[in-house]
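Overview (structure and organization)
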Amino acid sequence: MLLPLLLLLLPLCWAVEVKRPRGVSLTNHHFYDESKPFTCLDGSATIPFDQVNDDYCDCKDGSDEPGTAACPNGNFHCTNTGYKPLYIFSNRVNDGICDCCDGTDEYNSGIVCENTCKEKGRQERESLQQMAEVTREGFRLKKILIEDWKKAREEKQKKLTELQAGRKSLEDQVEALRTLKEEAEKPEKEAKEQHRRLWEEQQAAAKAQREWELAADAFRELDDDMDGVVSVAELQSHPELDTDGDGTLSEGEAQALLSGDAQTDPSSFYDRVWAAIRDKYRSEALPADLPAPPAPEVTEPKEELPSVPTHPTEEEEEEEEETEEEEEDEEQDSEAAPSPLEPPQPASPSEEDKMPPYDEQTQAFIDAAQEVRSKFEEAERSLKDMEESIRNLEQEISFDFGPQGEFAYLYSQCYELTTNEYIYRLCPFKLVSQKPKLGGSPTNLGTWGSWAGPEHDRFSAMKYEQGTGCWQGPNRSTTVRLLCGKETVVTSTTEPSRCEYLMELTTPAACPEPPPEVPADSDHDEL
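The structure reproduced in this document is the subject of the present report. (Residues numbered from 1 in each chain as written. Predicted model: local features only at pLDDT ≥ 70, side-chain atom pairs only at ≥ 80, totals over all residues. Heavy atoms only, no water.)

What follows deals with the state of the cysteines. Overall, the coordinates contain eight disulfides when judged by the stated rule. The side chain of cysteine 98 participates in a disulfide bridge whose partner is cysteine 113; the two sulfur atoms lie 1.9 Å from each other. On the S-S bond that ties cysteine 98 to cysteine 113, the torsion sits near -85°, and the link is left-handed. With a gap of 15 residues between them, cysteine 98 in the loop between strand S4 (86-89) and helix H2 (117-222) and cysteine 113 in the loop between S4 and H2 connect regions that are remote in the sequence. Through a disulfide, cysteine 414 is tied to cysteine 427; the S-S separation comes to 2.0 Å. Residues cysteine 414 and cysteine 427 are joined through a disulfide that is right-handed, its torsion about the S-S bond being 110°. Residue cysteine 414 is located in the loop between helix H7 (360-398) and strand S7 (415-418), and its partner cysteine 427 is located in strand S8 (residues 422-427); the two are separated by 13 residues in the primary sequence. By relative accessible area, cysteine 427 is classed as buried at 7%. (Disulfide = S-S within 2.5 Å. Helix = DSSP H or I, 4+ residues; strand = E, 2+ residues; numbered from the N terminus. Buried < 20%, exposed > 50% of the residue type's maximum accessible area, 1.4 Å probe, protein only.)

This part takes up the packing of H2 against helix H5 (residues 266-277). Geometrically, a packed helix pair is captured by the angle between its two axes and the distance between the axes. Viewed as axis vectors pointing N to C, H2 and H5 meet at an angle of 95°, and their least axial separation amounts to 10 Å. Taken together, the axes of H2 and H5 lie roughly perpendicular to each other. On H5, the residues that touch Ala208, Glu211, Trp212, Leu214, Ala215, Ala218, Phe219 and Leu222 of H2 are Pro266, Phe269, Tyr270, Trp274 and Ile277. (Axes fitted to C-alpha atoms, helices over the stretch in contact; angles between N-to-C directions. Parallel < 35°, antiparallel > 145°, perpendicular 65-115°, else oblique. Contact = heavy atoms within 4.5 Å.)

Locating histidine 77 in the fold gives a position in strand S3 (residues 75-78). The residues contacting histidine 77, other than those within four sequence positions of it, are Gly23, Val24, Ser25, Pro85, Leu86 and Tyr87.

Take the sheet that holds strand S13 (residues 489-497) next. Pairing in this open sheet of eight strands is mixed, and the strands run S7-S8-S9-S10-S11-S12-S14-S13 from one edge to the other. One side of each edge strand has no neighbouring strand; the edge strands of this open sheet are S7 and S13. On average, adjacent strands in this sheet sit at an angle of 25° to one another, irrespective of strand direction. (Pairing = 2+ DSSP bridges.)

If you want it as C-alpha cells, here you go:
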C-alpha cells in the first residue's frame, strides 16, 4: 500500500482533539483563544471573544463568524473525520442541505445528516489504491519501454552506419550504369530515328501517289472531250466549285481557278488547280448505294448542259463502263467514303498508320539499351530507397521521445476512438484526424508540432497544429494530454473551443515513479 500518499490525503482521525469554535480548522485554531479578545484575521477590528459565532458579522472578512451564516464572505470548515476536510461558504450553514459528509454544517437547521465520511473515505482509499496499482504497473512497463528504446536505438544506429557506408558504393554503381546506358542509347536512338525517317518517307510517297491518282481521276472526268486538257467550259460543268457562293461557277471564276489560263494540262492541273478544288470537287460517278454529299443548290442544273460537249454513243457507253468499274473497286476499299476520288480509308491503323516492326539490327540496339536501362533503373531505385531509409533513421534517432526515450514506441503506431458521430485517429508524432462514422473523407485536426506541457512537466502534453481550416475560422489544432495508464488508449476527445480539440491518451510512458512503499512490519497508523 502507498500509505504515505494516503496519509497525506485521507486523515482518518486526529490523535488529540483540540477545542476550537465551530467552523474553525485545526490549522487556524490558535487565532481563536477564548481567554483574550479576538482580532479579525484581516486585522480590521478586535472584538470580545464572546462575539465570535454570535450570528452577527463584526469583521469585514467574516472571520468572526466561521460557524454561522451571518457573514456572506465567511467560510465554514468541515472536519469530515475519515475523509477529506472541506471549506464551504458560510451561507450554506444551516440551509437545510448537507454539504459536509459529517453533517456539521446543519447543526441547527432541524435536518438530520447521515455521517458518510467513513464510506467516502473507504471508496477514496480504494480508488487511490487502484491508481497506485496502475502507477506501479505503468512505471514497470515504462522501464521496459525505456530499455526497448535503448536497444532499438543502438540497432538503428548500427543500421544507419551500414547504410551510410553502402551508399557511396551504390552511388558509384548508379553512375557507372548511367554512363553505360547513355552509351547504349546513342546507337539505339540513331537506329530508331533512321527507321522512323524511312517509314515517314514511304508514307509521304504513298500519300503523294494517292493524291496524284485522285487528281488524275478528276482530270479524266473533267476532260469531257478527252483532248488531254481541261478547259474553262469543262470546269464550269461542276458548279460545286463555285467560289463566290452564288451556286454557279462563272467563266471568270473558272479561269481564276486555272490561274488565268484558258485550259490546263495534267501536270499543271496537279500543280496549280487540284489543291484549290480538291475539297469541293464531287465525282460524277457516285456509288449507287451511297447518298451524294451535299452540294450547293442549283436552281436549273440542265442549263449547264450546253457547255458539255456531245459524245458519240459508243464513247458514252465506254465511259459508263469505266465509271462502274471504278465504283466497284473503290466501294471495296472504303464503304464509308463519300466519293470514289477521296483517299480510301485504311483498313486498320495497325496496318497502314502504324510504324512497321524494327529490322533485326535496330531491334538488337533496342534490346541492348533496354537491358542496361533496366539495370540502371533498378540500381537508381535501390539508391532512392536507401536514401529514404537513411533520412527516416536519422530523423527517428534524433527525435525527442522524452527524457529517456519512453515515448519512442508511439512513433509508428496509430490509435482510434469511436464516438456517436466520428472516428478520431491519433498517430503520435505525425497527425490527428477525424472521419464521419457513416463514411466520408477524413479531416486533418493537426500535424505534429511540439511537446506542449508546462515547463516543469513538458512531456505531459503534445501539440498538433495547422490542420484543415475551419469555415471562416482558424486552422484546426489538437492538444493531446498524456495520462498514466497500463495500456495505450485514446480515452476522450472534446472541442473546448471552436476548432481547438483536446484529446486524452493513457500510456505507461506517462507514469511517474511511485513513492516507496511502507515496510510490511509497520502497523503504526496515525490517521
